[in-house]
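A structural walkthrough
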Amino acid sequence: MQVTLTGTITFPFALLSAPVTYPAPTLSEMLTSLARDLRDPDNLTFTESLLSDFIRLAFIEVGRVYPKEAVEYILLVEDSFQYGMEIEDIWRVEIYSADGSVTNLDPSYGERQGDGWEFYANTLYLVDGTSFTADVDENVGDFLRVWGYSPRNPPTDPDEQCDVDGAAEAAIRTNAKMQAYRSLVADRALFSQWAAQPG
């Protein structure tokens, strides 16, 4: 038996193409979520300051294995081959010229002459002889576009939005919970207080 369907099916393709953005929580929201995760929503065992410490440490730990991708732009200065960077790890360096051309620089590792770069102690070193045009006018001189990774900064203000995406938030909450559970093992009184709570 063959079934033939007639008519028009309209599919809302706009739903597929809409960008998905993650609503990063504030520190206050993350503290509330962490307290709920620990079955301590009223902060009877874990104070907000203690949970804040756990979250700050978790930001540092998670940032080591899951940093955020970052891009820095630097206006090149004549006869200057060293540039301080906010980025902590670099994986690509490009020179952009005012005429729109792009030159990709390869890492040097100290063994090559000509165009190249090295990175040490948050300083980008261009190999002596790297060719570029420097000028004080941003529309005339070349600039660097540096790709790399930077740490996630722990929030300090309760209303500050956390520097996380969904995966980073989950990892930070998990790490903070682990720290809280370890503190229960190390402190019998704290454990008794936590264990006595209903739920």
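The written sequence of each chain sets the order in which its residues are numbered from 1. Under the rules for a predicted model, residues below a pLDDT of 70 receive no local features and side-chain atom pairs below 80 are neither given nor counted, while totals for whole chains, interfaces and linings still include all residues. Here the side-chain values reflect all heavy atoms present in the structure, with hydrogen atoms and water set aside.

Observations regarding the environment of I90
Structurally, the position occupied by I90 is in strand 3 (residues 89–96). Taking the C-alpha atoms as reference points, I90 and E69, separated by 21 residues in sequence, lie 9.7 Å from one another. Note on contacts: a residue pair is in contact if any heavy atoms of the two residues lie within 4.5 Å. When near neighbours in sequence (up to four residues on either side) are disregarded, I90 contacts M85, W117, F119, L124, V146, W147 and G148. Put simply, DSSP H or I for four residues or longer makes a helix, DSSP E for two residues or longer makes a strand, and each gets a number counted from the N terminus.

Description of the sheet that holds strand 6 (residues 123–126)
Taken in spatial order, the three strands line up as 2-6-5 in an open sheet, and their pairing is antiparallel. Each edge of the open sheet carries a strand with a single partner, namely strand 2 (82–84) and strand 5 (117–120). Taken pair by pair, the neighbouring strands of this sheet meet at an average axis angle of 20°, ignoring direction. Note on pairing: two strands pair once DSSP finds at least 2 bridges between them. Relative to strand 6, strand 2 is paired through three bridges, and the arrangement is antiparallel. For Q82, the partnering residue across the bridge sits in strand 6 and is Y125. Think of each axis as a best-fit line through the C-alpha atoms, taken over the contacting stretch in the case of a helix, with angles from 0 to 180 degrees between the N-to-C directions.

Considerations on the nonpolar core
The biggest cluster of nonpolar side chains holds 23 residues, and the ones touching the most others in it are F46, L51, I55, F59, V164 and I172. Only helix 2 (27–37), helix 3 (48–65), helix 4 (166–186) and helix 5 (188–195) provide two or more residues apiece to this core. If near-sequence neighbours (up to four positions away) are discounted, I172 is found in contact with M30, I55, A58, F59, V62 and V164. Here the nonpolar core consists of buried residues drawn from Ala, Val, Leu, Ile, Met, Phe, Trp, Tyr and Cys, with membership extended through side-chain atoms lying within 4.5 Å. Residue exposure (1.4 Å probe, protein chains only): buried if accessible area is under 20% of the type maximum, exposed if over 50%, otherwise partly exposed.

Some words on unusual backbone geometry
Residue R39 is not a glycine yet carries a positive backbone phi of 55°. Mapping R39 onto the fold places it in the loop between helix 2 and helix 3. Despite not being glycine, A121 shows a phi value in the positive range, around 50°. Within the secondary structure, A121 is located in the loop between strand 5 and strand 6. The exposed category is assigned to A121, whose relative accessible area is 58%.

Things to note about the side chain of T123
Turning to its location among the elements, T123 is positioned in strand 6. For T123, a relative accessible area of 17% corresponds to the buried category. Those residues in contact with T123 that lie beyond four places of it in its chain are Q82, Y83, G84 and E118.

Examining the layout of surface pockets
The method works on a 1 Å grid over the protein atoms by themselves. A cavity is a set of points holding a 1.4 Å probe that cannot get out, a pocket is an open set with protein on both sides within 12 Å along at least five of seven lines, and residues with an atom within 4 Å of a point line them. Grid points are joined across faces, edges and corners, and a volume is the space filled by probe spheres set on the points. Volume-wise, the largest pocket comes out at about 170 Å³. Taken together, 13 residues line the largest pocket, and the ones lying closest to its centre are G63, P67, E88, S150 and P151. Contributing elements (two or more residues each) for the lining of the largest pocket: helix 3 and strand 7 (143–150). A per-element tally of the lining of the largest pocket places helix 3 first, with four residues. Each residue belonging to the lining of the largest pocket can be placed in one class, and the counts come to six nonpolar, three polar and four charged. Classification used: nonpolar for Ala, Val, Leu, Ile, Met, Phe, Trp, Tyr, Cys and Pro, charged for Asp, Glu, Lys and Arg, polar for all others including Gly.

With respect to the pairing of strand 6
Bridge analysis of strand 5 against strand 6 gives four bridges, and the strand direction is antiparallel. Residue pairing for strand 6: F119 is matched across the bridge by L124. Counting the residues between successive antiparallel strands, the hairpin from strand 5 to strand 6 contains two residues, one of them, A121, with a positive phi of roughly 50°.

A few points about the pattern of salt bridges
Just to be clear on terms, a salt bridge is a Lys or Arg side-chain nitrogen sitting within 4 Å of an Asp or Glu carboxyl oxygen. In this structure the tally under the stated criterion is seven salt bridges. For the salt bridge of D53 with R56, the shortest nitrogen-to-oxygen distance reads 2.6 Å. Here R56 and D53 lie together in helix 3, a separation of three residues that amounts to about one turn. Owing to a relative accessible area of 35%, D53 belongs among the partly exposed residues under this scheme. The residue R64 makes a salt bridge to E61 at a minimum N-O spacing of 2.8 Å. Of this pair, R64 and E61 both sit in helix 3, separated by three residues, roughly a single helical turn.

Functional significance is not addressed by these values, which are geometric in nature.
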